[in-house]
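# Observations on the model geometry
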2 protein chains.
Amino acid sequence: MNDIQIMNHAANNIRILAASMVEKAKSGHPGGAMGGADFINVLFSEYLVWDPSDPTWTGRDRFFLDPGHMSPMLYAALTLQGRFTLDEIQQLRQWGSPCPGHPELDVVRGIENSSGPLGQGHAMAAGAAVAEKFLEARLGHEVMQHHIFAYISDGGVEEEISQGVGRIAGKLALDNLIMFYDANDIQLSTEVNKVMREDTAAKYRAWNWTVMEIDGNDVKQIREALDKAIAGTGKPVLIIGKTVMGKGALKADGTSYEHSIKTHGAPLGDGAYVNTIKNLGGDPEKPFAIFDDVNKLYTDRAEALKKIVAKRKAAEAKWAKENPEKKKLMDEWFSGKAPKIDWSKVKQKPDSATRAASSACLKVLAQQVPNMICASADLSNSDKTDGFLKETHDLRPGDFSGAFFQAGVAELTMADMCIGMMLHGGVIAAMGTFFVFSDYMKPAVRIAALMGVPVKFIWTHDAFRVGEDGPTHEPVEQEAQIRLMEKLQNHKGQDSVRVFRPADCYETTVCWQMAMENMETPTALILSRQGIKCLPEGNDYEQARKGAYIVKGSDDNPDIVLVASGSEVSTLEDGTELLRKDGIRVRVVSAPSEGLFRRQPVGYQDNVLPYNVKKFGMTAGLPCTLEGLVGNGHNSHVFGMKSFGFSAPYKVLDEKLGFTGENVYTQVKEFLSE
Amino acid sequence: MNDIQIMNHAANNIRILAASMVEKAKSGHPGGAMGGADFINVLFSEYLVWDPSDPTWTGRDRFFLDPGHMSPMLYAALTLQGRFTLDEIQQLRQWGSPCPGHPELDVVRGIENSSGPLGQGHAMAAGAAVAEKFLEARLGHEVMQHHIFAYISDGGVEEEISQGVGRIAGKLALDNLIMFYDANDIQLSTEVNKVMREDTAAKYRAWNWTVMEIDGNDVKQIREALDKAIAGTGKPVLIIGKTVMGKGALKADGTSYEHSIKTHGAPLGDGAYVNTIKNLGGDPEKPFAIFDDVNKLYTDRAEALKKIVAKRKAAEAKWAKENPEKKKLMDEWFSGKAPKIDWSKVKQKPDSATRAASSACLKVLAQQVPNMICASADLSNSDKTDGFLKETHDLRPGDFSGAFFQAGVAELTMADMCIGMMLHGGVIAAMGTFFVFSDYMKPAVRIAALMGVPVKFIWTHDAFRVGEDGPTHEPVEQEAQIRLMEKLQNHKGQDSVRVFRPADCYETTVCWQMAMENMETPTALILSRQGIKCLPEGNDYEQARKGAYIVKGSDDNPDIVLVASGSEVSTLEDGTELLRKDGIRVRVVSAPSEGLFRRQPVGYQDNVLPYNVKKFGMTAGLPCTLEGLVGNGHNSHVFGMKSFGFSAPYKVLDEKLGFTGENVYTQVKEFLSE
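Residues numbered from 1 in each chain as written. Chains lettered and ligands numbered in written order. Predicted model: local features only at pLDDT ≥ 70, side-chain atom pairs only at ≥ 80, totals over all residues. Heavy atoms only, no water.

Definition in use: UniProt positions are given in the numbering used here, feature names are shortened, and annotations may be inferred rather than shown by experiment.
The name given to chain A in an unreviewed UniProt entry is transketolase, and the organism recorded there is Hallella multisaccharivorax DSM 17128. According to the UniProt record, the Subunit (unreviewed entry) comment for chain A is "Homodimer." As recorded by UniProt, the Catalytic activity (unreviewed entry) comment attached to chain A reads in full: "D-sedoheptulose 7-phosphate + D-glyceraldehyde 3-phosphate = aldehydo-D-ribose 5-phosphate + D-xylulose 5-phosphate".

### A short note on the overall build of chain A
Condition: Strands here are runs of E lasting at least two residues and helices are runs of H or I lasting at least four, both read from the DSSP assignment and numbered beginning at the N terminus. With the radius of gyration taken over C-alpha atoms, the globule rule is written as 2.2 Å times the number of residues to the power 0.38. Only protein chains enter the calculation, and the probe is 1.4 Å; a residue is then buried if its accessible area is under 20% of its type maximum, exposed if over 50%, and partly exposed in between. What sets the accessible areas is the Shrake-Rupley method with a 1.4 Å probe; for residues, cover comes only from the shown protein chains. When charges are counted, neither His nor the chain ends are considered; positive counts come from Lys and Arg and negative counts from Asp and Glu. Each charge is placed at NZ for Lys, CZ for Arg, CG for Asp and CD for Glu.
Helix and strand content of chain A: 25 helices and 16 strands. For a compact globule of 674 residues, the expected C-alpha radius of gyration is about 26 Å, and chain A comes in at 28 Å, within 12% of that figure. When the backbone C-alpha atoms are referred to their principal axes, chain A occupies close to 95 × 60 × 45 Å. Looking at chain A residue by residue over its 674 residues, the buried ones come to 68%. If you sum the accessible surface of chain A, you get close to 21200 Å²; carbon and sulfur atoms cover 49% of it. Averaging the coordinates of the 74 positive side-chain charges in chain A and doing the same for the 87 negative ones gives two points 3 Å apart.

### A closer look at the confidence of the model for chain A
For clarity, the cut-off: Along the chain, pLDDT gives the predictor's confidence residue by residue, from 0 to 100.
For chain A, the average pLDDT comes to 97, and 100% of its residues sit at 70 or higher. Scored as a whole, the predicted complex attains pTM 0.98, and scored at its interfaces, ipTM 0.98.

### Digging into the pattern of salt bridges
Put simply, the rule reads: In what follows, salt bridge is the name for a side-chain nitrogen of Lys or Arg lying within 4 Å of a carboxyl oxygen of Asp or Glu.
Considering all chains together, one arrives at 79 salt bridges over all chains under this definition. Between Lys-390 of chain A and Asp-386 of chain A there is a salt bridge whose closest N-O contact spans 4.0 Å. Here Arg-599 of chain B and Asp-495 of chain B are joined by a salt bridge, their closest N and O atoms 2.6 Å apart. Of this pair, Arg-599 of chain B sits in the loop between α21 (594–598) and α22 (602–608) while Asp-495 of chain B sits in the loop between α18 (478–487) and β10 (498–500), placing them 104 residues apart in sequence. Given a relative accessible area of 8%, Asp-495 of chain B falls into the buried group. Put simply, Asp-462, Arg-465, Glu-479, Arg-483, Glu-486, Asp-495, Arg-498, Arg-501, Glu-568, Arg-599 and Asp-654 of chain A are held in one network by salt bridges that share partners.

### A few points about the packing of helix α16 (residues 411–424) of chain A against helix α17 (residues 438–451) of chain A
All names here are of chain A. What counts here: Orientation is described by lines fitted to C-alpha atoms, with helices fitted over the stretch in contact, and by angles between N-to-C directions that extend from 0 to 180 degrees. An angle below 35 degrees is read as roughly parallel, one above 145 as roughly antiparallel, one from 65 to 115 as roughly perpendicular, and any other as oblique. When the near helix sits turned anticlockwise from the far one by under a right angle, the crossing is termed left-handed; a clockwise turn instead gives a right-handed crossing. Whether two residues touch is decided by their heavy atoms; if any such pair falls within 4.5 Å, the residues are in contact. Here the term charged refers only to Asp, Glu, Lys and Arg, the term nonpolar to Ala, Val, Leu, Ile, Met, Phe, Trp, Tyr, Cys and Pro, and the term polar to all other amino acids, Gly among them.
Viewed as axis vectors pointing N to C, α16 and α17 meet at an angle of 20°, and their least axial separation amounts to 7 Å. When the axes of α16 and α17 are compared, the pair comes out roughly parallel. Considering how the two elements wind past one another, α16 and α17 form a crossing that is right-handed. In this structure, α16 uses Glu-411, Leu-412, Met-414, Ala-415, Asp-416, Ile-419 and Leu-423 to contact α17, whose residues at the interface are Tyr-440, Met-441, Pro-443, Ala-444, Ile-447, Ala-448 and Met-451. For the contact of α16 with α17, a count of residues per class yields 12 nonpolar, no polar and two charged.

### As for helix α1 (residues 3–25) of chain B
All names here are of chain B. Quick reminder of the rule: Here the expected length of a helix is defined as 1.5 Å per residue gap, with one fewer gap than residues. N or O atoms closer than or at 3.5 Å make up a polar contact, with two conditions inside protein: a donor-capable atom paired with an acceptor-capable one, and, for residues adjacent in sequence, both atoms drawn from side chains.
Look at α1: 33 Å from first C-alpha to last across 23 residues, which is about the 33 Å you get at 1.5 Å a residue. The opening residue of α1 is Asn-2, an N-cap whose side-chain oxygen sits 3.1 Å from the backbone nitrogen of Ile-4. The first or second residue beyond α1 is Lys-26, which carries a positive phi of 60°.

Next up, the structure:
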């Protein structure tokens, strides 16, 4: 067989494995996997640079899959690479299998991102491309010269987020990003032309991408396109490959089963399956096999990689010797360990807004954490990420010496790109926007939580005290919403997102410390627009590390425990003053993180929130925001928001909505008399 | 003054009013409003067709603002139209004012949509354009010949959703949609070129739009563009108007304050304000005034409109006479009243999945509700909206006789477009996707909830029982998340979203009935992928109208009350059988809607969930999903999910995760023995 025949044989091998996995699982997506087999085979057998003996090598090319339902294609190709066994892929979609229905992050096996929700994978790839350029600017081309490959399908191109990725990757001229668009004209429920009549090539060109259009099932054309892309075009590259859905598939009656919607999301079915496997040169009785020539193809590639990698690693070693300081930094950055930070440098201004307090922390982070990137979705001067920006400048095409990522108005894209930066490794990413717009980011928050990617979310303007901007900009349900992620555990048993809503500027510093120390899960900081009076002098802010704690000045043997997070704590303090005049003994509890509190010993929890003492909570969110701490029984009462907010100056809203010390007094007195 | 001079004078009048509103409020966005004044003035004084004496006239042109922060421009222009008073606009951003910081739906005053979160407004406009064409196809051009105008800014063009709107409006060739893009090169935190270097015109052309590029501050060019657009191009129209941010603004020192980021989101400031008002021909002492010639311009327009509208209404009257049946339908459809439906036609198949049960309802709705549009984000054969689709066909360019909206993979766009359809009036819109993807739709759910737009969300694949697709596709926190909107009230004091998770196929019918009867708020239906054993024979499903009720066959004087929604109710029934063998008296409560239950008389609530009886909840969501009903004290226990789901067949997951009758038995026994 000649070279092309072997390549086609290998692609057919991928098709056979993919279709067989799905058939055995009685569930999954064979058609797309069969269409994309040629591209993934060319990429994996001839282009992708990685080290089989060191799969987490920092200099490896990264491959990000966007359409996670094409996992059978990926698992099959990774099996040819020797990263899954034939036994393992037969457990597709079964309990405990390393081959779940949609790929889950597993770098050692070659899975650089969890995928499934369309569009997010290619945004992560774009983020990884930013990280590569950012690190190259700091460390040098010798150690940062790899490529980021992304694989996208019709659905991903349709998803809204492709606008964000298209714009930003083009704007930043990410020429290390090479994306293959598997255009097979079929999507889950219809043919693509039912929902799209766009000129996709022209669209990406308008975004400043280099676009090539090829037959995505043709080895030669794929090679030519990849050669051009890797040679560099000064822009991100989109290779639009026209492919055939279910390529090589036959129906039970022996006629073609190509280009059929039915092969998208279901097994081929008995007769069709057998005919298809035969047609592809496989044995329906023993479909889980690797052809000898295909085995040789990938073995040869592994040998070739040894040389390629040895050369690259020799250059890296030379660089390391010549740049010991940089090498040390690089090792630190890729260690996954939290950076060392001298927090004493943070200067807080008493009674400031917690967004301003966050800004003070970000200033110090910009100064002390050289591998940190901070982003904002066009709100830097408002979400106060400009504390970071003022110490650096923005990422620019051809100049990644800055560390601020101006994402423009595209919250979801920003989030997924920041996640992608951290998936790449070597970078710590934080991002800001208004808290109400965390709604746009939820899909990204969720996948970061699932993967355990420790990005930092900076969400400011945290309550109706946004004021004049009115209800569209005033979060009410968002705190309870995001705290659901704190209640939801990841597969390691950790709270999948750590959420902090600090009570004043000093508590903000401690929460930012915990955010930077947390390298296992995403952290969210929920911050105020308005200034907040500081907690009583002498308050031990380190206690915030327990999630909830008794604020300085609280009375022993309290008649009532008052509980809040964020700026409502200071409102409780105002109320406390009035209550004490009536001889009522009051404890105030600040609870920046319910999740962290629930991780404390039961004795501590019971001590802070004693079972037999009445508890009163105040929240600018829905009452249920605090019911996990305060309870919802007869010994408990939470005063919170019932409705959307309103447009008015926030001090007017405080009065109108009852968020004043006076009302705390009234409410608590009434509650105590019940 | 000549014609152009008067027009410029009017635009300056808008600028003066806008800047003055913001100055007086000490908060707001003057710069953009000043840049866009020329376009809005030309549109409102010469093109927009509406009836001052009948502002909700069905045949009116609609104007959808996307950048809600440009409210001062809109309020100013509406003041010239006589829809706000000079006194009212002086109350911008104040408590109780009709001029909140971001416009809130108020059709009588000319505000067709609430706006603020960028991008959503123009998606609503695209939806309204679909509705217009849909209704034209059913009623006739005589009554449906108006245009949908949208106004978008740089931020909106950047937002991800513009990809969905660009694609769909282009695909459907919505030539009744005319969008002005106010391209002023400035956004909140930077100049636009910091984040965008795209060729926006080429991008929209790639989406099949007609694009015109003009000086957006030039009256003649605006007129020419609008003339061409209104003449019809067979495609949606994008008019890219280059405008000058803060046009006419001067600084305190008298130099130009144009093209400055500082004018985006803050008052001009004392000296600058005075200089600016003078420069625009206003009186800084009495800025809230309408110039005489401008007053005449708008008075003349009102006179002209009388004739235009009279002619149109005469044609409508003629049409009504000739088409009495259609007229009757039209009146019904625009009445805002729920359609009459013969639900007896719904044929349910016992033990079916509730998504299939929903399909059976949708079939009948497609047959009986001729003004209903059902959508799916490329999942119609999976979310079972194909029950509707099979009775009709999809909306197509040039053919809106079908009633199914194939949105492609773009959940947020679909949601906002469906909202826009209902804002237009005359149409009822429903839309389907997987429940886990409700995450993408949250921003739209929120704004629909705020406006009280009664769209129907159909969310299927409601729990880990999605099975093989794994954690990215398995909702866990989503039920608790969306029920936050049921807890959050709109400004009328209603639960802002009604949420149903029915327990079996028959309960699904009742929930769909309530969804269709609900014409005041959005309704969400949360439906299962897998088949569910029906509740005991003789169950009175009408009781679902109370939100939660005692299932048939429950014991009197129970030892334990079991509570669930969705398919967990049938799991509780399985457990009940086992518990009864031990002589335990069991009540099972099905709770499709906690919110609706909380609207029942306290006596009913106490009767269903007695305070002094132990309550056990089971949920495939987080335990807190049910804690509002079951409580979280010592008399309460909820068995729920703690973590993300897993990839495996759902029956395996049921066993592994404990969602079986056996485990209900074990859990309840243990709980009772505590």
